[in-house]
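Structural overview for review
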Amino acid sequence: MLTHFAGLNPVHQALLAGLFTWGLTALGAGGVFLSREMNRRRLDAMLGFAAGVMIAASFWSLLLPALELSGSTGPQACIPAAVGFLAGGVFLRGLDTLLPHLHPGYPLREAEGPSSSLRRTTLLVIAITMHNIPEGLAVGVTFGAVATGLPHETLGAAIALTVGIGLQNFPEGFAVSAPLAGEGYSRIRSFWYGQLSAVVEPVAAVLGAAVVFIVQPLLPYALAFAAGAMIFVVGEEVIPESQRHGNTDLATMSLLVGFVTMMVLDVTFS
């Protein structure tokens, strides 16, 4: 199976990888069929783990290759990575400003972005969808980079990133579906909204792979762009949410575990 996967073009690989990460989000959302209740400590631990995975993936799988691919030495080697990284953060900040959304676990009065009459479910899905865009881009960009044949990028590293993103997607699905079920939505409807939040990942993955495969000089910028977007999400949403309910030490230790897990995956499969 792996041999067949390796023989596919990067866009098809990115699509399958994006479907895998979406599938784990859907699996997490399916937890609502087992329980309508969220164990807050467990969820905060999972969010901390997700933050650690995203931080490690941003460096090991995206920023470090961007620096290695710059083709320069000295301070100039940092320019593509720095520009792309900051552009990714600005892009997510722009979405944050332009789109009304509500982070999971927050009351409706704390919705962000422009004023809106959208329902709570829609605002929740928008928030998680925004979160998943950089993850899909990261997966797609790495598979597109592998297709360029550069020695810094390997199929194993791209698969490791996909597995890491998928692991941290699992709690996100439940973080959307469980609160909706607790508010009286049916389990099926709650599951639907939970998995819907990650549908954007296969789309973003295909877009990222296609862009860097077609326009190879953009690769260092694209890798760093995905990293910047993910770090923005971690700092603006995931870490604050994981520590919002008093489980600070648990969430922080889980972040360390998530970072090490992603680091081991990347080093092992590279």
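Refer to the structure above for everything that follows.
Anyway, here's the lowdown on the structure attached to this text. Bear in mind the structure is a predicted one, so any value in this text is a computation, not a measurement.

Before going further, it helps to examine the pattern of salt bridges. A full pass over the atoms with the stated rule returns four salt bridges. For arginine 40, the salt bridge identified is with aspartate 44, shortest N-O distance 2.8 Å. You can see arginine 40 and its partner aspartate 44 sitting in helix H3 (residues 40-68), four residues apart, about one turn around the helix. We note a salt bridge from arginine 93 to aspartate 96, for which the minimum N-O separation is 3.8 Å. Taken together, the residues span about one helical turn, with arginine 93 and aspartate 96 both in helix H4 (residues 79-98) at a distance of three residues. Classification of arginine 93 by relative accessible area gives partly exposed; the value is 46%. A residue is classified by how much of its surface remains accessible, and aspartate 96, at 5% relative accessible area, is buried.

Contact geometry for helix H2 (residues 10-29) and helix H5 (residues 120-147): axes closest at 9 Å, N-to-C directions at 150 degrees. With respect to each other, H2 and H5 are oriented roughly antiparallel. Crossing of H2 over H5 shows right-handed handedness. Residues Pro10, Gln13, Ala14, Ala17 and Gly18 of H2 pack against Val139, Gly140, Phe143, Gly144 and Ala147 of H5. Within the contact of H2 with H5, the residues separate by chemical class into six nonpolar, four polar and no charged.

A few words now on the environment of alanine 81. Take alanine 81: it is sitting in helix H4. Assessed through its relative accessible area of 5%, alanine 81 is described here as buried. Taking the C-alpha atoms as reference points, alanine 81 and proline 65, separated by 16 residues in sequence, lie 9.2 Å from one another. Apart from the residues within four sequence positions on either side, alanine 81 is in contact with Leu63, Ala66, Leu67 and Ala224.

The subject of this paragraph is H3. The end-to-end C-alpha distance of H3 is 41 Å, a good match for the 42 Å that 29 residues give at a rise of 1.5 Å each. Along H3, the sharpest kink reaches roughly 30 degrees, centred on phenylalanine 59.

A separate point is the packing of aromatic side chains. All told, the structure shown has four aromatic pairs when counted by the stated rule. Arranged with centres 5.3 Å apart and planes meeting at 80 degrees, the rings of phenylalanine 59 and tryptophan 60 form a pair that is edge-to-face. Between phenylalanine 91 and phenylalanine 225 the ring centres are 5.5 Å apart and the planes differ by 45 degrees, which places this aromatic pair in the tilted class. Of the two residues, phenylalanine 91 is situated in helix H4 and phenylalanine 225 in helix H9 (residues 219-242); the sequence distance between them amounts to 134 residues.

This next bit is on helix H8 (residues 200-214). Compared with the 21 Å implied by 1.5 Å per residue over 15 residues, the 21 Å span of H8 between its first and last C-alpha is a close match. Listing the buried residues of H8 in full gives Glu201, Pro202, Ala204, Ala205, Gly208, Ala209 and Val212. Seen end-on, H8 carries its buried residues on one side only, within an arc spanning 165 degrees. Projecting away from the buried face of H8 at angles above 90 degrees are the exposed residues Val203, Leu207 and Ile214. Buried residues belonging to H8 abut H2, H5, helix H6 (155-182) and H9.

This brings us to the side chain of glutamine 13. By the element assignment, glutamine 13 lies in helix H2. Residue contacts for glutamine 13: discarding those within four places in its chain leaves Phe5, Ala6, Leu8, Phe143 and Leu155.

Another aspect to go through is the packing of H3 against H5. Two elements in contact, H3 and H5, have axes whose closest approach is 12 Å; the angle formed by their N-to-C orientations is 25 degrees. By the angle class used here, H3 and H5 are roughly parallel. The two elements H3 and H5 meet at a crossing, and its hand is left-handed. On H5, the residues that touch Met54, Ser61 and Leu62 of H3 are His131, Glu135, Ala138 and Thr142.

Once that is clear, we can look at the nonpolar core. Of all hydrophobic cores here, the largest spans 45 residues; its most connected members are Leu62, Phe143, Leu219, Leu223, Met230 and Met262. Taken together, the elements giving at least two residues each to this core come down to H2, H3, H4, H5, H6, H8, H9 and helix H10 (248-269). The contact partners of methionine 230, leaving out residues within four places of it in the chain, are Met54, Ala57, Ser58, Leu62, Pro134, Glu135, Ala138 and Ile165. Grouped together as the second largest cluster of nonpolar side chains are 10 residues, Leu124, Leu180, Tyr185 and Tyr193 included.

Analysis parameters
Residues numbered from 1 in each chain as written. Predicted model: local features only at pLDDT ≥ 70, side-chain atom pairs only at ≥ 80, totals over all residues. Heavy atoms only, no water. Salt bridge = Lys/Arg side-chain N within 4 Å of Asp/Glu carboxyl O. Helix = DSSP H or I, 4+ residues; strand = E, 2+ residues; numbered from the N terminus. Buried < 20%, exposed > 50% of the residue type's maximum accessible area, 1.4 Å probe, protein only. Axes fitted to C-alpha atoms, helices over the stretch in contact; angles between N-to-C directions. Parallel < 35°, antiparallel > 145°, perpendicular 65-115°, else oblique. Left-handed = near helix turned anticlockwise from the far one by under 90°. Contact = heavy atoms within 4.5 Å. Nonpolar A, V, L, I, M, F, W, Y, C, P; charged D, E, K, R; others polar. Expected span 1.5 Å × (residues − 1). Bend = angle between axes of the 7 residues up to and from the residue. Phe/Tyr/Trp six-rings, centres within 6.5 Å; stacked < 30°, edge-to-face > 60°. Arc of directions from axis to C-beta. Core = buried A, V, L, I, M, F, W, Y, C linked by side-chain atoms within 4.5 Å.

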